[in-house]
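# Inside the fold
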Amino acid sequence: MLQNLKAQPTDKILALIAAYREDPRETKVDLGVGVYKDSSGNTPVMRAVKEAEKRLQAEQSTKAYVGLAGDPAFSDAMINLVLGDTIPRDRIAAVATPGGTGAIRQAFELIKMAAPEATVWLSNPTWPNHPAILKYLDMKSAEYRYFDSETRGVDFDGLMADLSGVQAGDIVLLHGCCHNPTGANLTADQMAEVIALMNTKGALPFVDIAYQGFGDGLDADAQATRMIAAGFDNVLIAASCSKNFGIYRERTGILMAIARHEDEATLAQQNLNFLNRQNYSFPPDHGARVVTTILNDPALRADWEDELNETREGMLVLRKQLADELRRLTNSDRFDFLAHHRGMFSLLGTTPEMVEKLRADHGIYMVNDSRMNIAGLNANTVPILAKAIVDAGI
Ligand code: LMR
């Protein structure tokens, strides 16, 4: 049987992890996978997470199953973190999922069950796993323009032109904040225009929010998601705790489905529970419980927010340092966009050949679409990267 299998495409982001590990050069710089690193290159366990884990270890008296939707307290805490009080709780169905990816997968499956004919519209570019999962599920997808390779900002005219082609019932996947891979984000006014256009067309939104707190702050980063939540009868939201709680390997995420009213939410909840049961039964609990402990304890929450803010501000400093250094070296403002982008990533906007040249000549690893993980930099590597960009003639 196994001989009938075909080799599957490797994920271009994850392939970089192995390639970087095997590179013997001491000066190599890893700007690949989206994992936060401090100035010494470590991905620390956040203080509040350590403390919450200590409490759990001392207090948890059972590891028996929870429910198919996970711990209800986790759903409540995450709904509050992402949506504030924008939507009444009884309109929202929610399940814990294995990370943000698990939530995306469940959302696509829910769409397939509820609207098998719908096309799912993805920004071009987007996180490569969005189209990969859609293809795996044999679902229809289309692209809307997103990135202006001249300004390295959002191609808003292109986006609106492409989204004017959506059909009633189609789903538009929007990044809640910190667009991955570009780092370029819609303004609130632009998002309002997108919402109005989608409503005119009868399309529905699916929001992927994986970097809340990495852009302009926890509430600022949730603003677009809250606008979208308030702007439609039905909204799907996949949220990840991997990055903002630094619990990547615990696989902690949530899928929310906003319904028109309580009865519809109950039906959605029953379907989400069913999907969890079919795919993996009960969602992972440890990370979810850590998150709930932190969000519900004022002191732990304040400490978590402080550390998250330090992380966010550290990335903004790196962005500015890199843009300033490139300004100095090129005597131009061509790279100022790096300081305007938000979140963990920026798309440099160069060719795969140039990306390969940076790797071969300078040991700098970024995704072949030229996505850089800004958190992979530090004060020492910023000048190395800037010089390499200039030397390569980008
Ligand atoms: C990324 O985009 O690098 C992260 O979301 C990690 C992943 O799973 O791809």
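Conventions and cut-offs
- Residues numbered from 1 in each chain as written.
- Predicted model: local features only at pLDDT ≥ 70, side-chain atom pairs only at ≥ 80, totals over all residues.
- Heavy atoms only, no water.
- Helix = DSSP H or I, 4+ residues; strand = E, 2+ residues; numbered from the N terminus.
- Rg over C-alpha atoms; globule rule 2.2 N^0.38 Å.
- Areas by Shrake-Rupley, 256 points an atom, 1.4 Å probe, with all protein chains shown as cover.
- Lys, Arg positive; Asp, Glu negative; His and termini not counted.
- Charge placed at Lys NZ, Arg CZ, Asp CG, Glu CD.
- Phe/Tyr/Trp six-rings, centres within 6.5 Å; stacked < 30°, edge-to-face > 60°.
- Buried < 20%, exposed > 50% of the residue type's maximum accessible area, 1.4 Å probe, protein only.
- Lys NZ or Arg CZ within 6 Å of the ring centre and 35° of its normal.
- Core = buried A, V, L, I, M, F, W, Y, C linked by side-chain atoms within 4.5 Å.
- Domains from an automatic or database assignment.
- Contact = heavy atoms within 4.5 Å.
- Salt bridge = Lys/Arg side-chain N within 4 Å of Asp/Glu carboxyl O.
- pLDDT = per-residue confidence, 0-100.
- 1 Å grid on protein atoms, 1.4 Å probe; cavity = no way out; pocket = protein on both sides within 12 Å on 5 of 7 lines; lining within 4 Å.
- Points joined across faces, edges and corners; volume = space filled by probe spheres on them.
- Nonpolar A, V, L, I, M, F, W, Y, C, P; charged D, E, K, R; others polar.
- Buried area = accessible area lost by both parts, 1.4 Å probe.
- Polar contact = N/O pair within 3.5 Å; in protein donor to acceptor, adjacent residues only side chain to side chain.

Our next topic: the overall build of the chain. When helices and strands are counted, the chain shows 14 helices and eleven strands. In terms of overall dimensions, the chain is globule-like: its C-alpha atoms have a radius of gyration of 21 Å, near the 21 Å expected for 394 residues. Its C-alpha atoms give the chain principal-axis dimensions of about 60 × 55 × 55 Å. For the chain, the accessible area works out to roughly 17900 Å², and carbon and sulfur atoms hold 50% of it. Looking at charge distribution, the chain has the averaged site of its 39 positive side-chain charges lying 5 Å from that of its 51 negative ones.

Put simply, Asn124 and Pro125 share a cis peptide bond, and its omega is 5 degrees. Assignment of secondary structure puts Pro125 in the loop between β3 (119-124) and α5 (129-136). Of note, the amide linkage connecting Asn180 to Pro181 takes the cis form, showing an omega dihedral of 20 degrees. Structurally, Pro181 can be placed in the loop between β5 (171-175) and α7 (188-201). Its identity as a non-glycine residue notwithstanding, Arg251 has a phi of 55 degrees, on the positive side. For Arg251, the position within the fold is in the loop between β7 (235-240) and β8 (253-258). Notably, Asn331 is not glycine yet its phi reads approximately 55 degrees, a positive angle. Within the secondary structure layout, Asn331 lies in the loop between α11 (298-330) and α12 (337-340).

On to the packing of aromatic side chains. Counted by the stated rule, this structure contains seven aromatic pairs. With 5.7 Å between their ring centres and 85 degrees between their planes, Phe108 and Phe206 make a pair best called edge-to-face. Of this pair, Phe108 sits in helix α4 (residues 99-114) while Phe206 sits in strand β6 (residues 204-209); the two residues are 98 residues apart in sequence, bridging distant segments of the chain. Judged on exposure class, the residue Phe108 and its partner Phe206 are both buried. Consider the rings of Phe335 and Phe337, whose centres lie 6.1 Å apart with planes at 40 degrees: the pair is tilted. Phe337 matches Phe335 in its accessibility class, with the two residues each being buried. An aromatic cluster of at least three residues, connected via ring pairs, comprises Tyr211, Phe214 and Phe345. Sitting above the plane of the Tyr20 ring, Lys28 keeps its charged end 4.5 Å from the centroid.

Core analysis: the largest hydrophobic core is formed by 74 residues, its most contacted members being Met78, Leu159, Val194 and Trp304. Shared between two domains, this core takes at least three residues from each, and those domains are domain 1 (11-45 + 311-391) and domain 2 (65-296). Beyond its immediate sequence surroundings of up to four residues, Val194 is in contact with Phe156, Leu159, Met160, Leu163, Leu174 and Leu186.

On to the pattern of salt bridges. In total, this model carries 25 salt bridges according to the counting rule given. Note that Asp162 is salt-bridged to Arg145, the shortest N-O span being 3.0 Å. Of the two residues, Asp162 sits in helix α6 (residues 156-163) while Arg145 sits in strand β4 (residues 140-145), which places them 17 residues apart along the sequence. Salt bridges here are not isolated pairs; linked through shared partners, they connect Glu51, Lys54, Arg55 and Asp297.

In this section: the confidence of the model for the chain. Summing up the model confidence of the chain, the mean pLDDT is 97 and the portion of residues at 70 or higher is 100%. When the elements of the chain are averaged for pLDDT, helix α1 (residues 12-22) gives the smallest value, 91, and β7 the largest, 99.

All told, the structure shown has one cavity of 30 Å³ or more when counted by the stated rule. Here the largest cavity is characterised by a volume of approximately 30 Å³. In terms of lining, the largest cavity is formed by Met78, Leu81, Val82, Ile209, Gln212, Ala239, Ser240 and Asn244. Of all the secondary-structure elements, those providing two or more residues to the lining of the largest cavity are α3 (72-83) and β7. With three residues, the top contributor of residues to the lining of the largest cavity is α3. Class assignment of the residues belonging to the lining of the largest cavity gives a composition of five nonpolar, three polar and no charged.

When the domains of the chain are assigned, the result is domain 1 (11-45 + 311-391) and domain 2 (65-296). Placing the centre of domain 1 and that of domain 2 at their C-alpha centroids yields a distance of 27 Å. Contact residues are listed per partner, giving 23 residues for domain 1 and 22 residues for domain 2. Each partner contributes to the roughly 1800 Å² buried at the junction of domain 1 and domain 2, and carbon and sulfur atoms together form 59% of this total. It is Arg312, Arg342 and Leu347 that lose the most area in domain 1 upon contact with domain 2, and together they represent 31% of the buried surface on that side. Taken together, domain 1 and domain 2 are joined by one salt bridge. The partner of Asp216 in a salt bridge is Arg342, with the nearest N and O atoms 2.9 Å apart. Applying the counting criterion to the domain 1 and domain 2 interface returns nine residue pairs in polar contact (both at pLDDT 80 or more). Elements supplying a minimum of two residues to the side of domain 1 that touches domain 2: α1, α11 and β9 (345-347). Top contributing element to the side of domain 1 that touches domain 2 by residue count: α11, with four residues.

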